[in-house]
Amino acid sequence: MSTSSHPVLRDALVRERVALWRALAAGSLVSLSSVGLAGTSAWLIVRAAQRPAILSLTVPMGLVQLFALSKAAGRYVERVQTHRAVLGVMGHLRERVACLLEPLIPAGLGPRSADVVDVVLRDVERVQDLLTVVVGPLLTSVIAGLVTVMITGFVAPWTALSLTAALL
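Residues numbered from 1 in each chain as written. Predicted model: local features only at pLDDT ≥ 70, side-chain atom pairs only at ≥ 80, totals over all residues. Heavy atoms only, no water.

**As for the nonpolar core**
For clarity, the threshold we go by: Here, nonpolar core refers to any group of buried Ala, Val, Leu, Ile, Met, Phe, Trp, Tyr and Cys residues whose side-chain atoms link them within 4.5 Å. Note on classification: 1.4 Å probe, protein chains only; a residue is buried when its accessible area is under 20% of the maximum for its type, exposed when over 50%, partly exposed between these limits. Runs of E in the DSSP output that reach at least two residues are strands. Runs of H or I that reach at least four are helices, and both are numbered from the N terminus. We call two residues in contact whenever any of their non-hydrogen atoms come within 4.5 Å of each other.
Counting residues in hydrophobic clusters, the biggest one holds eleven residues: Leu9, Ala12, Val86, Val89, Met90, Leu93, Val97, Leu101, Val124, Val127 and Leu131. Put simply, the parts of the chain that give this core at least two residues each are α1 (7-15), α3 (58-101) and α5 (113-155). By residue number, the principal contributor to this core is α3, which donates six residues. Sequence-distant contacts of Leu131, defined by excluding residues within four places in its chain, comprise Leu13, Val86, Val89 and Gly136.

Rendered as structure tokens:
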């Protein structure tokens, strides 16, 4: 389903673009924080097993806390902005669909008009799932994967190549 063939959906998405961009940015922060948290905590566990001076572990411990807190805060912002955008899109879509169905109901749909309206509105509700369950997580995962590959490329180029192959 492309937005070019659905101008009503495209208009609704354009109206809520700020909230959608905020949700995408927060979701990417959550994904990147998860990667950073996993990497830093794994390194910290391995390094701590070597029993170094405790002061040499303070920066990695701080990074683990930073990633954990940014993951939690980012998840909250992502949820708020995603639902704000989706509710705005849904309101706009419902309004437009109701305006398009209004002239048809008394004249052309017959005695089963309530069933037709119910089916159409259920299809409109599925847009909510498309935005919250499919598009958002997919885009944030792609962004986090690209950023992770780029950062890994600076540290260990061969690892970045294998990570790229795994992500593809």
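Past the structure itself, the notes keep going.
**Remarks on the pattern of salt bridges**
Our working definition: Every case where a carboxyl oxygen of Asp or Glu lies within 4 Å of a side-chain nitrogen of Lys or Arg is listed as a salt bridge.
Counted under the stated rule, the structure contains one salt bridge. Measuring nitrogen to oxygen at the nearest pair gives 2.9 Å for the salt bridge that ties Glu78 to Arg75. With a gap of three residues between them, Glu78 and Arg75 both fall in helix α3, about one helical turn apart. Since its relative accessible area comes to 13%, Glu78 is described here as buried. Look at Arg75 and you get partly exposed, because its relative accessible area is 34%.

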